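Tertiary structure, described
One-letter residues, chain by chain:
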Amino acid sequence: MSFNIVKQLNADAQEGAATNDGAETAAITNVPVEAAPEETVAEETTNAVDAVETTEPVVAAAPVEERIVTAHDDFDWSVDKRNVSSYNKEEKAKYDVVYDNTFKQINDGEMIQATIEAITKTDAVVNIGFKSDGLISLNEFRDIPGGLKVGDVIEVMVVEKEDRDGNLHLSRKQARTSRAWERIVELHKTGEIVTGIVTSKTKGGLIVDVFGMETFLPGSQIDVKPVTDYDQFVGKTMEFKVVKINETIKNAVVSHKALIESDIEAQRAEIIGKLEKGQVLEGTIKNITDFGAFLDLGGLDGLLYITDISWGRINHPTEVLKMDQKLNVVVLDFDDDKKRISLGLKQLTPHPWDTLSENIKEGEVVKGKVVNIEDYGAFLEIMPGVEGLVHVSEITWANTPINAKEFFKLNDEYEAKIVTLDKDTRKMSLSIKQMANDPWSEIDVKFPEHSKHTGVVKNITPYGVFVELATGIGGMIHISDLSWLKRFNNPNEYTKVGETIDVVIMNIDKDGRKLQLGHKQIEEDPWNSLESTFPVGSVHEGTVTKKDDKGAVVQLPYGLEGFAPARHLLKEDGKTVGADEIAQFIVIEFDRNDKRIVLSHTRLWEQAIEEEKQVVMKEKRADAEVTKKAVKNLQTKVEKSTLGDLGVLAGLKAKMDSAAADAAAADEAKEEPKEPKEPKA
């Protein structure tokens, strides 16, 4: 018997002595209490103790210490009333292993098999062989067909051996997700096909459940053709291919389109191998763009360009085609390397020019719709695929420049006469103006020279105004013929497009279909009478309307304008006359032929100063004349000179010399000052 067993026996004996009950004796042995007398038990116990004493090594006696007397000193610790078995070392080691195997060592994040022990209303009690059971919410078992049952074996993940409440935290969902991720990564490497269930719709695609893990299916990877309604796929079980994974965030992208493309790749190779130019194929419209339509030819796409849809002009393919429409097309060209196929629809019917009616010929009147407008004219569609050009010169009989883009509008209908027709080059020229008689044939009668008319301003250029007098009849007013009195930098300062204006026919060029018009000629030339009103030297009040470095334009009475050079705008105080300022001006030049008046403000105050000087000089000269006459009279009366008389004469002479000197100085002031000569070196 080992020491551990003896120790256990002593503990059991102590327990029996403390309770003083005979029940423990029955628990120690398999025989009834009556069959086990105390002498026998005591004897066996003594023998067992003796055996222990004989097998255990002798221990040296410890130093004697003072022992404290207690109530248990009389208890015999070697007494035990149970049967005791002894084991050798090999048996003990074997049983220790068996005992240790009854417990499991688990770690957080470990995957482990578990058994359902019980099911509550909200949770499942799960046994993993640990010291305690775990609880898993029933929400994690919704995918199990037929529901969860007691005794089912499942795989769970140890989230935490002990959470903050000391409970074992397990999760079947995380176990499934972890296993699913491992399988998804493996499938991505091998390229195998996987089956999943589309669970919901999200922005840009669908969510697919693969092995219990959510993956993303982009909208572009659902099908080879664009998909607009994602709801139709929710709840469906489909096959996919794992095309992309992200190890960091454990996210996967699947594709159903990849499976379809792999299936039709063989079909594409077969179709391209049999393609020939001119071959007619049946296709289904899968997409429509601004430049054409893409057709599915049974696994291979082809492009039907907008110009190959119809012989006539169309603005957008949707005018003729619609989605999912089936139609026959002809192969125009294909590229084996780029796998591009050009298709044609109009080529299945003859060209309209080849079947043109005999009624369409030169001189006939046709009706067409405007389908294109250029600077040089407009194209009218007579019938689908047959167009004619109305050149800008064939719009109206007038020689006035016309902007085709302002005259025509798309889809407007016009009647026109066929001028030229060439079926070989498939060209036709049309004329709108020839639908009416040429008004220039009677121009001399309706619009003779010097006659007055009212027209509408159709166009304005920097050099003149184009006026329409009647349909097909018009002419130009030169900028100089707009006004007798004013000069314009641009005609739009005087009139605007759309306004009416009175004109006079000044000249007719019947061959060149040109009219020279005048507007100012409606009235007589006022310059013939203005010369008497604004003679040179006359002073008038004027307002400066424009001013620049060269001078200023001055508005005078009667609507007349004059020009004052910059040097003639100087004031007496040294400043200059400014814009919008009213001042007095003197006419220094009047040219009736050039219709020009030159003014000066400076001359006014300069002349005033000069006049004052002249008045002073006249007074001095008058005084000198009076003195001179007095001297002469005195000389005639006096026969002899006396000393006193000589003094009087000397005074008169000095006065006369002074007056003569002042007069000479005034004469010199009138002369222009001469530039001083440079001093010699």
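Each remark here, short or long, concerns the structure printed above.
Residues numbered from 1 in each chain as written. Predicted model: local features only at pLDDT ≥ 70, side-chain atom pairs only at ≥ 80, totals over all residues. Heavy atoms only, no water.

With that settled, consider the sheet that holds strand S24 (residues 500-509). One closed barrel holds the 5 strands; their spatial order is S21-S22-S23-S25-S24, and the pairing between them is mixed. In this sheet, neighbouring strand axes are inclined to one another by 50 degrees on average, regardless of whether the strands run parallel or antiparallel. When strand S23 (residues 473-478) meets strand S25 (residues 514-518), the two strands line up parallel, connected through 2 bridges. Each bridged residue has a counterpart across the sheet, and for Met476 the counterpart in S25 is Gln516. (Pairing = 2+ DSSP bridges. Helix = DSSP H or I, 4+ residues; strand = E, 2+ residues; numbered from the N terminus. Axes fitted to C-alpha atoms, helices over the stretch in contact; angles between N-to-C directions.)

It is worth spelling out the environment of Ile522 at this point. Within the fold, Ile522 resides in the loop between S25 and helix H9 (527-533). By relative accessible area, Ile522 is classed as partly exposed at 26%. Distance from Ile522 to His453, taken between C-alpha atoms, is 9.8 Å for residues 69 residues apart in sequence. Contact partners of Ile522, with chain neighbours within four places excluded, come to Lys452, Asp502, Val503 and Val504. (Buried < 20%, exposed > 50% of the residue type's maximum accessible area, 1.4 Å probe, protein only. Contact = heavy atoms within 4.5 Å.)

Where charged atoms from two side chains of opposite charge come close, those side chains can pair. Under the counting rule described, the total for this entry stands at 14 salt bridges. A salt bridge links Arg596 to Glu589; the shortest N-O distance between them is 2.6 Å. Taking relative accessible area as the criterion, Arg596 reaches 38% and is therefore assigned partly exposed. (Salt bridge = Lys/Arg side-chain N within 4 Å of Asp/Glu carboxyl O.)

Attention now moves to the sheet that holds strand S16 (residues 365-374). A barrel is described by the order of its strands in space; here 5 strands give the closed sequence S16-S17-S18-S20-S19, paired in mixed fashion. Neighbour-to-neighbour, the strand axes of this sheet turn through a mean angle of 50 degrees, independent of strand direction.

Honestly, it's all geometry; don't read function into it.
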